[in-house]
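The chain contents come next:
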Amino acid sequence: MKILVTGGAGFIGSNFIRYLLAAHPEHTVVNIDKLTYAGNLENLRDIEHLPSYTFVKGDICDKKLIESLEFDAIIHFAAESHVDRSILDSFPFLQTNIIGTQNLLEAARKRDCRMLHVSTDEVYGSIGHGLFTERSPIVPNSPYAASKASSDLLVRAYHETYGMDLLITRCSNNYGPYQFPEKLIPLVISHALRGKTIPVYGDGQNVRDWIHVLDHNRAVDIAFHRAKGGDIYNIGGRNEQKNIDIIRALLGIIAERTGRDREGLFGLITFVKDRPGHDRRYAIDPSALEAALGWRPEIPFDQGLADTVAWYIENRRWWERVISGEYLEYYQLQYGGRLEE
Ligand code: NAD
Ligand code: DAU
């Protein structure tokens, strides 16, 4: 199968392509990515030479371009993904996350092909007690979450209206290699390694439900190959953590691995003004996916966190090039193009 993967130069998408091509040598991948600030072709350096992999620089909102591509199925990761940026300017979020998704749905409709839409637990808003199930109300609180909820509803509506072969997965917070260092875990690691203060929003007691990116991607793979059209599945690691606990755990691991002074690292923690509309708690029930398709998260959080710290220590050059902006040159060097094209 020739699979169109959107947003494959981002954090989850690049890990997904690497996983998919190793797990399914029978498939080929066309990766379409606009290379926004979050897209980094250096994430795919080790696989870009494979004959089963092709990169197309492009926007999922570009109708003509999508029409011109050949594919048998779509796995849709591309999005504006950072909540804080959506609070500053929601326009690109509505454009890419809603209009871009609609454009892909139309392309899938013309080809009568399967499309898996990668969504998020943030569409359910914040929960006081209990767990989000696939039947929980959709009550998003940030512009990012509202744009993802809108795209979910479009996917659902296209399935109902046109009987299309569409799937939705809603995952909790991911962590692991190649995550852009504006998100909590890589931000803490990269700040700690440079002795920079670590901003904790509000009281640090907000809860997120963390899962390793490889566990998420295995679930997407299984859903893509085995779920039936119209299915919606939650994906989560049954791993609720308060932000402040994660930050302390990360600093403890860094102290151990680098021999840095523990107290000095803990002294970098700085409580700052809260994120507006900050969701208090996410907690996801993945039992439907476990029961129907036999998926289980496999990477224990302690091990995943320690491996992630090790990856950021060993790959310091990767995130330093992101922070300095040098990573943007890679497209030009490797593909001979300029980013504004
Ligand atoms: P990311 O920001 O790291 O990557 C997004 C990628 O999409 C980038 O490569 C970017 O260049 C590309 N992109 C953005 N706009 C585009 C456009 N108009 N056309 C083509 N490409 C475009 O995001 P991520 O963390 O890898 O998230 C991937 C998907 O998973 C998103 O849909 C997100 O909503 C969802 N998700 C993320 C998490 C998480 O914890 N990170 C959890 C659940 C779901
Ligand atoms: O739940 C899934 C979602 O997880 C995805 O849909 C999003 O794409 C992804 O970005 C993530 O959203 P969050 O807002 O939960 O992730 P972020 O890493 O931005 O923040 C995690 C928590 O840490 C959140 O409660 C805010 C807090 N935080 C974040 C940053 C960047 C801080 O306290 N300080 C910070 O500097």
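Structure report, in brief. From a predicted model like this one, the values you see are computed outputs, not experimental measurements.

So, how was this worked out
Residues numbered from 1 in each chain as written. Chains lettered and ligands numbered in written order. Predicted model: local features only at pLDDT ≥ 70, side-chain atom pairs only at ≥ 80, totals over all residues. Heavy atoms only, no water. Phe/Tyr/Trp six-rings, centres within 6.5 Å; stacked < 30°, edge-to-face > 60°. Lys NZ or Arg CZ within 6 Å of the ring centre and 35° of its normal. Helix = DSSP H or I, 4+ residues; strand = E, 2+ residues; numbered from the N terminus. Expected span 1.5 Å × (residues − 1). Buried < 20%, exposed > 50% of the residue type's maximum accessible area, 1.4 Å probe, protein only. Contact = heavy atoms within 4.5 Å. Lys, Arg positive; Asp, Glu negative; His and termini not counted. Salt bridge = Lys/Arg side-chain N within 4 Å of Asp/Glu carboxyl O. Polar contact = N/O pair within 3.5 Å; in protein donor to acceptor, adjacent residues only side chain to side chain. Core = buried A, V, L, I, M, F, W, Y, C linked by side-chain atoms within 4.5 Å. Pairing = 2+ DSSP bridges. Axes fitted to C-alpha atoms, helices over the stretch in contact; angles between N-to-C directions. Near = heavy atom within 4 Å. Areas by Shrake-Rupley, 256 points an atom, 1.4 Å probe, with all protein chains shown as cover. Nonpolar A, V, L, I, M, F, W, Y, C, P; charged D, E, K, R; others polar.

Let's talk about the packing of aromatic side chains
- According to the stated counting rule, one finds 16 aromatic pairs in the structure shown.
- An aromatic cluster is defined as three or more aromatic residues linked by ring pairs; in this entry it consists of Tyr-178, Trp-311, Tyr-312 and Trp-318.
- Between Arg-109 and the ring centre of Tyr-162, over which it is positioned, the NZ or CZ distance is 4.0 Å.
- Stacked on the ring of Tyr-282, the Lys or Arg Arg-208 has its end atom at 4.0 Å from the ring centre.

Looking at helix H1 (residues 11-23)
- In this model, H1 (13 residues) spans 19 Å end to end at C-alpha, consistent with the 18 Å of a helix rising 1.5 Å per residue.
- Buried within H1 are the following residues: Phe-11, Gly-13, Ser-14, Asn-15, Phe-16, Ile-17, Arg-18, Leu-20 and Leu-21.
- Residues of H1 that are buried in the fold lie against strand S1 (2-6), strand S2 (28-33), strand S3 (53-57), strand S4 (73-76), strand S7 (173-175) and helix H7 (213-226).

Let's talk about the side chain of Asp-279
- Structurally, the position occupied by Asp-279 is in the loop between strand S12 (269-272) and helix H10 (287-293).
- Buried Asp-279, no salt bridge; nearest opposite-charge side chain is Arg-208, N-O distance 5.2 Å.
- There is a polar contact of 2.6 Å between the side chain of Asp-279 and the side chain of Tyr-282.
- Residues within four places of Asp-279 in sequence aside, it is in contact with Gly-125, Ser-126, Asn-141, Asn-206 and Arg-208.

Things to note about the nonpolar core
- Ile-17, Leu-41, Ile-75, Leu-116 and Ile-235 are the most contacted members of the largest nonpolar core, which totals 35 residues.
- Formed by 32 residues, the second largest nonpolar core is a distinct cluster that contains Trp-210, Ile-247, Trp-318 and Val-322.

Re the sheet that holds S1
- If you walk across this open sheet you meet the seven strands as S3-S2-S1-S4-S5-S6-S10, and the pairing is parallel. Of all the strands in the sheet, the pair left with one neighbour each is S3 and strand S10 (232-235). Direction aside, the axes of adjacent strands within the sheet are offset by 20° on average.
- Here strand S5 (residues 114-120) runs beside strand S6 (residues 166-171); their pairing, made up of six bridges, is parallel. Bridge pairing in S6 places Thr-120 opposite Cys-171.
- Contacting S1, S4, S5 and S6, helix H4 (residues 91-111) crosses the sheet at an angle of about 160° to S5.
- Most of the contacts of helix H5 (residues 143-162) go to S5, to which it runs at about 150°, and overall it touches S5 and S6.

Observations regarding the pairing of S3
- Taking burial as the measure, the five residues of S3 include four buried ones, the bulk of the element.
- Pairing between S2 and S3: five bridges, direction parallel. Paired with Ile-32 across the strands is Val-56, a residue of S3.

Section: the site of ligand 2
- The environment of ligand 2 is made up of 22 residues, and the closest members are Thr-120, Asp-121, Tyr-144, Arg-275 and His-278.
- Residue Lys-183 places a side-chain N or O atom 3.1 Å away from an oxygen atom belonging to ligand 2.
- Within the side chain of His-278, one N or O atom sits 2.6 Å away from an oxygen atom of ligand 2.
- Across the complex, the protein chains shield 94% of the 690 Å² of accessible surface that ligand 2 would expose by itself.
- Elements with a contribution of two residues or more to the shell around ligand 2: helix H6 (184-194) and strand S8 (198-201).
- Residues belonging to the shell around ligand 2 are distributed by class as follows: eight nonpolar, eight polar and six charged.

No statement about biological role is implied by the geometric values presented.
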